[in-house]
Protein chains: 2
Amino acid sequence: MRIGELAKATGASVRALRYYEEQGLIDSDRSASGQRLYGPAAVEKVLWIRQLLAAGLPSRVILKLKKCDTDGKASPEELTVLEAERDRIDKLATDLITTRDRLDHVIANSTPDAAKARAH
Amino acid sequence: MRIGELAKATGASVRALRYYEEQGLIDSDRSASGQRLYGPAAVEKVLWIRQLLAAGLPSRVILKLKKCDTDGKASPEELTVLEAERDRIDKLATDLITTRDRLDHVIANSTPDAAKARAH
DNA sequence: TTTGCCTCTGACGTCAACGTCAGGTTTTAG
DNA sequence: CTAAAACCTGACGTTGACGTCAGAGGCAAA
């Protein structure tokens, strides 16, 4: 598949895909004329990258992760970084839940028919 | 308390606190010479703001939220925005959990003593 | 072959949440 | 009284993940 098709399949923009390649996060074959060509496995890879980006991992760290993934091994320092990221994500997730709950509470108090509840 | 003390109490930098004020997220009294003075309640307010920022809410949205909080009511459109943010946070949190799990899996496979497991 | 869309490589623009520096005033410790 | 530390207002710098534009070439249909 070409880059436009991969973009549609993943939700990433064409620019984003070129950026990922520029950062070393994905690879591509090239046609005789220089156009990028991807196998079907690229879809999953890009989706995974986007999940990690959404989780706040910078592309440098995702690059480490990719090496671990392909090599099946990591240096102790890299491993430390990855574990730190995992813990950060974990804390972030639980913090987000409490934030959502508080936000929900504020919304409830701002909802018109909450006047009754407050009046009580 | 003055701005430096509030910074230490909240973990925010002095610059960040001035930025929050600039965006209308917090208020401050001023001393005769123009220095910012805060009541003890400011600590909680700032911590809440930081939670929301960490959750990815832009300051514009946090400003809406502040108005709802002080007024105890919101316009329907504002309410829609806030509910959308809540849902976004909710989805983000669950996505983060699955991302962490996948990341954990990769880490396990990259750990030296995982060779045994793979060899099996 | 011409039309219209896709793709290419630079390269500059953007945006939010601050960091940082300059140049000056204020507060506090000794 | 003085020096260090904290504070003030601008204003410019930074960072990451792209958006956007320019100029040139590639590809399928009619």
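Since this is a predicted model, take the numbers as computed values, not measurements.

Caption draft 1: Fine view of the interface of chain A and chain B. If you look at the interface, chain A gives 36 residues, while chain B gives 36 residues. Contact between chain A and chain B buries roughly 3,100 Å² in total, counting both sides, with carbon and sulfur atoms accounting for 70%. When the buried surface of chain A facing chain B is broken down by residue, A:Trp48, A:Leu96 and A:Leu103 rank first, second and third, together holding 19% of it. For the interface between chain A and chain B, the tally reads four salt bridges. We note a salt bridge from A:Arg86 to B:Asp104, for which the minimum N-O separation is 2.7 Å. Our enumeration of links across chain A and chain B arrives at six residue pairs in polar contact (both at pLDDT 80 or more). At the level of secondary structure, the elements contributing two or more residues to the side of chain A that touches chain B comprise α3 (41–54), α4 (59–71) and α5 (76–110) of chain A. No other element matches the 22 residues that α5(A) contributes to the side of chain A that touches chain B. For the side of chain A that touches chain B, the residue count by class is 18 nonpolar, seven polar and eleven charged.

Caption draft 2: The arrangement of the pattern of salt bridges in detail. Residue and element names in this part refer to chain A. The full count for this structure, using the stated rule, is 18 salt bridges over all chains. As a salt-bridge pair, Lys 66 and Asp 27 come within 3.4 Å of each other at their nearest N and O atoms. Remark: Asp 27 occurs in the loop between α2 (14–22) and β1 (29–30) and Lys 66 occurs in helix α4; sequence separation between them is 39 residues. According to the relative accessible area criterion, Lys 66 is partly exposed, its value standing at 25%. A residue is classified by how much of its surface remains accessible, and Asp 27, at 55% relative accessible area, is exposed. A single salt-bridge network, built from bridges that share partners, covers Glu 21, Arg 30 and Arg 36.

Caption draft 3: Fine view of the packing of aromatic side chains. By the definition in use, this model includes two aromatic pairs over all chains. In this structure, A:Arg102 packs its charged tip against the face of B:Trp48, placed 4.0 Å from the ring centre.

Caption draft 4: How the structure looks around the protein's contact with DNA strand D. The environment of DNA strand D is made up of 20 residues, and the closest members are A:Ser13, A:Tyr20, B:Gly4, B:Arg18 and B:Arg36. The sugar and phosphate moieties of DNA strand D supply 75% of its atoms located within 4 Å of the protein. Within the backbone of B:Arg36, an N or O atom sits 2.8 Å from a phosphate oxygen of DNA strand D. Among the elements of the structure, α2 and α3 of chain A together with α1 (3–10) and α2 (14–22) of chain B are those that each provide at least two residues to the surface near DNA strand D. The element that contributes the greatest number of residues to the surface near DNA strand D is α2(A), accounting for four residues. Residue composition of the surface near DNA strand D, by class: seven nonpolar, six polar and seven charged.

Caption draft 5: Focus on the protein's contact with DNA strand C. Taken together, 22 residues sit near DNA strand C, with A:Gly4, A:Arg18, A:Arg36, B:Ser13 and B:Ser59 positioned nearest. What you see for DNA strand C is that sugar and phosphate hold 77% of its atoms within 4 Å of the protein. Here a phosphate oxygen of DNA strand C and a side-chain polar atom of A:Arg18 are 2.5 Å apart. Interatomic distance of 2.9 Å between a side-chain N/O atom of B:Tyr20 and a phosphate oxygen of DNA strand C. At the level of elements, α1 (3–10) and α2 of chain A together with α2 and α3 (41–54) of chain B are the ones that each hand at least two residues to the surface near DNA strand C. Grouping the amino acids of the surface near DNA strand C by side-chain chemistry returns seven nonpolar, seven polar and eight charged.

What counts, and where the lines are drawn
- Residues numbered from 1 in each chain as written.
- Chains lettered and ligands numbered in written order.
- Predicted model: local features only at pLDDT ≥ 70, side-chain atom pairs only at ≥ 80, totals over all residues.
- Heavy atoms only, no water.
- Contact = heavy atoms within 4.5 Å.
- Buried area = accessible area lost by both parts, 1.4 Å probe.
- Salt bridge = Lys/Arg side-chain N within 4 Å of Asp/Glu carboxyl O.
- Polar contact = N/O pair within 3.5 Å; in protein donor to acceptor, adjacent residues only side chain to side chain.
- Helix = DSSP H or I, 4+ residues; strand = E, 2+ residues; numbered from the N terminus.
- Nonpolar A, V, L, I, M, F, W, Y, C, P; charged D, E, K, R; others polar.
- Buried < 20%, exposed > 50% of the residue type's maximum accessible area, 1.4 Å probe, protein only.
- Phe/Tyr/Trp six-rings, centres within 6.5 Å; stacked < 30°, edge-to-face > 60°.
- Lys NZ or Arg CZ within 6 Å of the ring centre and 35° of its normal.
- Near = heavy atom within 4 Å.

Everything listed is a geometric property; what it means functionally is a separate question.
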